[in-house]
Amino acid sequence: MSNYTNKDVALYFDSSKCTGCKGCQVACKQWNTLYSPLGLNEQKFTGSYQAPLDLNGQTRLVMTFGEQEGTTKKSRPVEWAFGRKSCFHCSDPACVEICPSGCLQKQANGIVTVDAEKCIGCKYCQQACPFDVPKYDEFNGGKVEKCTMCYERLENGRLPACVQTCQPEALQFGPRDEMLDKAHKRVDWLKNRGYQKAAVYGEDELGGLHVIQVAKYGKEAHGLPENPQKSSLLSLSKLAAPITGIAAAVTVGGLALSFLAGMGYRRRQVNLAEKRQEWNARQQARADELIADRLQKDAAEQNSQNDSK
């Protein structure tokens, strides 16, 4: 077992050292074999150096480009607030909590991994994530896509691909407490040089994140939500606690979602009840398989309890 898989770890991103080269973004694509359009003029200019503009089913990491007016108009008319949008690997991950199939799992080192074979394409995690991170690869059977911190590399004692490729060492990786200490020292250094809005992000948000960021110009400038909160959908999922098995969960969850639909609830384009209707035959079959398996286990457990009496 690698040192990276048996202790609490974190990725460290220092925006004050980032040059916006996107080498990490390319490395992520290459290591994870993620598709990019290569045809003539397929990548249309959007008016921003940020590309693509958001995560998608074939992009797990996007470097964000924020512009603001510089402190001195002559020598520095524009200041770039580079940011990093990807999974934050929450200590208390909403995606894992709401996932009905076990596709998303939090590992012992704090990293949230994906087992695509278990994904049924329900998109509940996309609805629940406070950072709007999980996306779905519609060209690969509708499977969930998000950063896994290159967990297979960590298991073999290697750094995540993005960290290994970062030339200015804006990205680093190691024990979480060490990354936090490094971030606080860097913020103090920046404040002593006039960047009074510099801040550490990820220390306490949502119980602590496993991506620690140094926001040179402040959280807002780098696109970081000030006070991220879990989706209210999780409160509804708790109504369907597995005390009486998944059949009760489906019933109560269905009633709750129907209630939301009646209220006209919208988080993105559609509510969960409508999304469920979009499942294809494979997704429906997989869901039925999981339900049947859970009911069988519940029945066996109940019989065992009756026999012990």
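Residues numbered from 1 in each chain as written. Predicted model: local features only at pLDDT ≥ 70, side-chain atom pairs only at ≥ 80, totals over all residues. Heavy atoms only, no water.

> Looking at this structure, how should I read helix H1 (residues 23–31)?
In an α-helix there are 3.6 residues to a turn, and that puts residues three or four apart on one side. For H1, the set of buried residues is Cys24, Gln25, Ala27, Cys28 and Lys29. Backbone geometry just downstream of H1 places Thr33 in the positive-phi region, at approximately 50°. (Buried < 20%, exposed > 50% of the residue type's maximum accessible area, 1.4 Å probe, protein only. Helix = DSSP H or I, 4+ residues; strand = E, 2+ residues; numbered from the N terminus.)

> Teacher, can you tell me more about the sheet that holds strand E9 (residues 199–201) here?
Within a sheet, neighbouring strands are paired by backbone hydrogen bonds and run either parallel or antiparallel to one another. Pairing is mixed across the open sheet formed by four strands, whose spatial order is E8-E1-E10-E9. The sheet is open, and its two borders are formed by strand E8 (171–175) and E9, each paired with just one other strand. Looking at each pair of strands side by side, their axes are set apart by 20° on average, direction ignored. Contacting strand E1 (9–14), E8, E9 and strand E10 (211–215), helix H6 (residues 176–191) runs over the sheet at an angle of about 135° to E8. (Pairing = 2+ DSSP bridges. Axes fitted to C-alpha atoms, helices over the stretch in contact; angles between N-to-C directions. Contact = heavy atoms within 4.5 Å.)

> Sorry, what's going on with the layout of surface pockets here?
Sizing a probe to match a water molecule and rolling it over the atoms shows the empty space that remains. What the second largest pocket holds in volume is close to 420 Å³. Lining the second largest pocket are 18 residues, with Lys29, Tyr35, Ser36, Pro37 and Thr59 sitting closest to its centre. Of all elements in the fold, only H1 and strand E6 (135–137) reach the threshold of two or more residues within the lining of the second largest pocket. Of the residues assigned to the lining of the second largest pocket, the class counts are seven nonpolar, seven polar and four charged. (1 Å grid on protein atoms, 1.4 Å probe; cavity = no way out; pocket = protein on both sides within 12 Å on 5 of 7 lines; lining within 4 Å. Points joined across faces, edges and corners; volume = space filled by probe spheres on them. Nonpolar A, V, L, I, M, F, W, Y, C, P; charged D, E, K, R; others polar.)

> When you look at the pattern of salt bridges in this model, what are you seeing that I'm missing?
When their charged atoms lie close together, side chains carrying opposite charge are able to pair. Applying the stated criterion across every chain, the model contains eleven salt bridges. For Lys85, the salt bridge goes to Asp54, with nearest N and O atoms at 3.1 Å. With Lys85 in strand E3 (residues 76–85) and Asp54 in the loop between H1 and strand E2 (62–72), this residue pair connects regions lying 31 residues apart in the sequence. For Lys135, the salt bridge identified is with Asp54, shortest N-O distance 4.0 Å. In this pair, Lys135 sits in strand E6 while Asp54 sits in the loop between H1 and E2, placing the two residues 81 residues apart along the sequence. Linked through salt bridges whose partners overlap, the residues forming this network are Asp54, Lys85, Asp132 and Lys135. (Salt bridge = Lys/Arg side-chain N within 4 Å of Asp/Glu carboxyl O.)

> Could you clarify how one ought to interpret the state of the cysteines in this entry?
As used here, a disulfide is simply a covalent bond connecting the sulfur atoms of two cysteines. Taken as a whole and assessed by the stated rule, the structure comprises zero disulfides. Take Cys28: it sits in no disulfide, and the sulfur closest to it among the cysteines is that of Cys150, at 6.4 Å. Cys90 supplies the cysteine sulfur nearest to Cys129, a cysteine that is in no disulfide, at a spacing of 6.4 Å. (Disulfide = S-S within 2.5 Å.)

> How do you make sense of the nonpolar core when you look at a structure like this?
Note on soluble globular proteins: their nonpolar side chains tend to be buried together. Ranked by size, the top nonpolar core spans 36 residues in total, and within it Leu11, Phe131, Met149 and Leu171 carry the most contacts. Mapped by element, the contributors of at least two residues to this core are E1, H1, E2, helix H4 (151–155), helix H5 (161–165), E8 and E10. Excluding anything up to four places from it in sequence, Leu11 contacts Arg84, Met149, Cys162, Val163, Leu171, Gln172, Phe173, His210, Val211 and Ile212. If you look at the next biggest cluster of nonpolar residues, it comprises 14 residues, including Met179, Val187, Ile212 and Tyr217. (Core = buried A, V, L, I, M, F, W, Y, C linked by side-chain atoms within 4.5 Å.)

> What is the right way to look at the environment of Asn140 in this model?
Relative to the helices and strands, Asn140 resides in the loop between E6 and strand E7 (143–145). Each C-alpha atom, one on Asn140 and one on Gln58, is 9.6 Å from the other, the two residues being 82 residues apart in sequence.

> Before we go on, may I ask you to explain a nonpolar patch on the surface in this structure?
Where nonpolar side chains cluster on the molecular surface, the patch consists of Tyr49, Val78 and Trp80 and spans about 300 Å² of accessible area. Position of Val78 relative to the elements: it lies in strand E3. The partly exposed category is assigned to Val78, whose relative accessible area is 42%. (Patch = residues over 30% accessible without salt bridge, like charges linked within 9 Å, V, L, I, M, F, W, Y side chains within 5 Å. Areas by Shrake-Rupley, 256 points an atom, 1.4 Å probe, with all protein chains shown as cover.)

> Explanation requested: the packing of aromatic side chains in the structure shown.
Two aromatic rings are characterised by how far apart their centres lie and by the angle between their planes. One pass over the structure, following the stated rule, counts eight aromatic pairs. On the basis of an interplanar angle of 80° and a centroid distance of 5.1 Å, the ring pair of Phe65 and Phe82 is categorised as edge-to-face. Residue Phe65 is located in strand E2, and its partner Phe82 is located in strand E3; the two are separated by 17 residues in the primary sequence. Judged by relative accessible area, which is 16%, Phe65 ranks as buried. Residue Phe82 is classed as buried on the basis of its relative accessible area of 9%. Between Tyr195 and Tyr217 the ring centres are 5.9 Å apart and the planes differ by 75°, which places this aromatic pair in the edge-to-face class. In this pair, Tyr195 sits in the loop between H6 and E9 while Tyr217 sits in the loop between E10 and helix H7 (233–239), placing the two residues 22 residues apart along the sequence. Residue class for Tyr195 comes out buried when judged on its relative accessible area of 18%. (Phe/Tyr/Trp six-rings, centres within 6.5 Å; stacked < 30°, edge-to-face > 60°.)

> Mind showing me how you'd approach the pairing of E1 here?
Remember that side chains alternate between the two faces of the sheet whenever the strand is regular. Within E1, six of the six residues are buried, which leaves it mostly tucked inside the rest of the structure. The alternating pattern of E1 places Val9, Leu11 and Phe13 and Ala10, Tyr12 and Asp14 on opposite faces, both of which are buried. Two strands pair when backbone bridges link them, and E1 and E8 are joined in this way by five bridges, in the antiparallel orientation. Each residue of the ladder has a partner; that of Phe13, found in E8, is Leu171. As paired elements, E1 and E10 share four bridges and run parallel to each other. By the bridge assignment for E10, Phe13 is matched with Gln213.

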